[in-house]
Protein chains: 2
Amino acid sequence: MITAEDKFRNYLKMKGLKFTPERKMILKTVLSLHTHFDVDQLYERLRKENSDISRATIYRTFPLLIDSGIMKETLLCRDKTKYEHIFGHKHHDHIICLKCGRVIEFRDEEIERLQKAVCKKYGFKPVEHKLGIRGYCRECQSKMGE
Amino acid sequence: MITAEDKFRNYLKMKGLKFTPERKMILKTVLSLHTHFDVDQLYERLRKENSDISRATIYRTFPLLIDSGIMKETLLCRDKTKYEHIFGHKHHDHIICLKCGRVIEFRDEEIERLQKAVCKKYGFKPVEHKLGIRGYCRECQSKMGE
DNA sequence: TAATCATTGTAATTAGCTCTCAATTGCAAT
DNA sequence: ATTGCAATTGAGAGCTAATTACAATGATTA
């Protein structure tokens, strides 16, 4: 069973980069977050863990985590860029409430299949895709009805 | 037959806002662009048309054009925010080449239908959605193969 | 005509992110 | 274990897209 750390180490070695304590700590913390987060949220979390890793290092480490397939950007981003770790998770898409900000994750095999079919039609080789649906959740609809 | 200008005028009146020469010119220019564009590209285009509308006014007008349903942000945005006008166009999704930047637009009724079904399942009322597939186009694949 | 309020351009500001630089540190070769 | 060197780090400067304050202008209504 390969761990996320193994995966990251292998990636770094392959690129001739180093597995530093900072990168180890950032990886560990990213994996501990089970929601979408931004750079500042990760920074705050690190401080709570008594780590004084700078924002610059976080900004520098994120592309590595993304390139190694451990983390990715989500398309929730209105202002700040949001991330989520994907190690050990299947790909999923997002439904986002415009009022309360709630995020519903879903996976639809049929949509996945159709996307592949579209790519094939155009001779396109897909690497990743993002699907986000914005609107209003059940609760906010009721509230707005009142 | 309602024109884009009618639509914009109605929207502005409804909001108690004015249809100024600047807004008219920005609208006209946005409609004349048939590709994805950013604020600077629009600004340059305006200058070529001998208009000296400021960037600030463009930034202030874009939310109005979006809110009135004439234009929208695309999710191509890596750095700058990109826009496209949607007046008179059906919704479509994007396939983006990571190498050459080419954009393929497509529309798949079945995917649209399945998205609605997913929303229904969660009691979610969709307003908009964005689907972007990134990867490599046919041409770039051949080049990379060589 | 006077009063009101939206709009504009200019210029300053904000905010997210990147870069520079000097000091430090993994890590491979010895 | 030691050495050499490229990679890495934090601090702070810098960059750039986007926003905002402000004073002048202009349209609309009373």
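Anything mentioned here points back to the structure above.
These remarks concern the structure in this document. (Residues numbered from 1 in each chain as written. Chains lettered and ligands numbered in written order. Predicted model: local features only at pLDDT ≥ 70, side-chain atom pairs only at ≥ 80, totals over all residues. Heavy atoms only, no water.)

In this structure the tally under the stated criterion is 24 salt bridges over all chains. Here Asp-38 of chain A makes a salt bridge to Lys-82 of chain A, at a shortest N to O gap of 3.9 Å. Pair noted here: Asp-38 of chain A is in the loop between helix H2 (21-32) and helix H3 (39-48) and Lys-82 of chain A is in the loop between strand E1 (71-73) and strand E2 (83-85), with a separation of 44 residues, a long-range link. The shortest N-O distance in the salt bridge between Glu-5 of chain B and Arg-9 of chain B comes to 2.7 Å. Within this pair, Glu-5 of chain B and its partner Arg-9 of chain B are both found in helix H1 (residues 4-15), separated by four residues, close to a single helical turn. Residue Glu-5 of chain B is classed as partly exposed on the basis of its relative accessible area of 24%. Judged by relative accessible area, which is 41%, Arg-9 of chain B ranks as partly exposed. Three or more residues are tied together by salt bridges with common partners; here these are Glu-5, Arg-9 and Lys-24 of chain A. (Salt bridge = Lys/Arg side-chain N within 4 Å of Asp/Glu carboxyl O. Helix = DSSP H or I, 4+ residues; strand = E, 2+ residues; numbered from the N terminus. Buried < 20%, exposed > 50% of the residue type's maximum accessible area, 1.4 Å probe, protein only.)

Tallying each qualifying case throughout the model produces eight aromatic pairs over all chains. On the basis of an interplanar angle of 35 degrees and a centroid distance of 6.3 Å, the ring pair of Phe-37 of chain B and Tyr-83 of chain B is categorised as tilted. Taken as a pair, Phe-37 of chain B in the loop between helix H2 (21-32) and helix H3 (39-48) and Tyr-83 of chain B in strand E2 (residues 83-85) lie far apart in primary sequence, 46 residues in all. Taken together, the ring pairs connect Phe-37, Phe-62 and Tyr-83 of chain A into an aromatic cluster. Cation over ring: Arg-55 of chain A sits above Tyr-43 of chain A, and NZ or CZ is 4.0 Å from the ring centre. (Phe/Tyr/Trp six-rings, centres within 6.5 Å; stacked < 30°, edge-to-face > 60°. Lys NZ or Arg CZ within 6 Å of the ring centre and 35° of its normal.)

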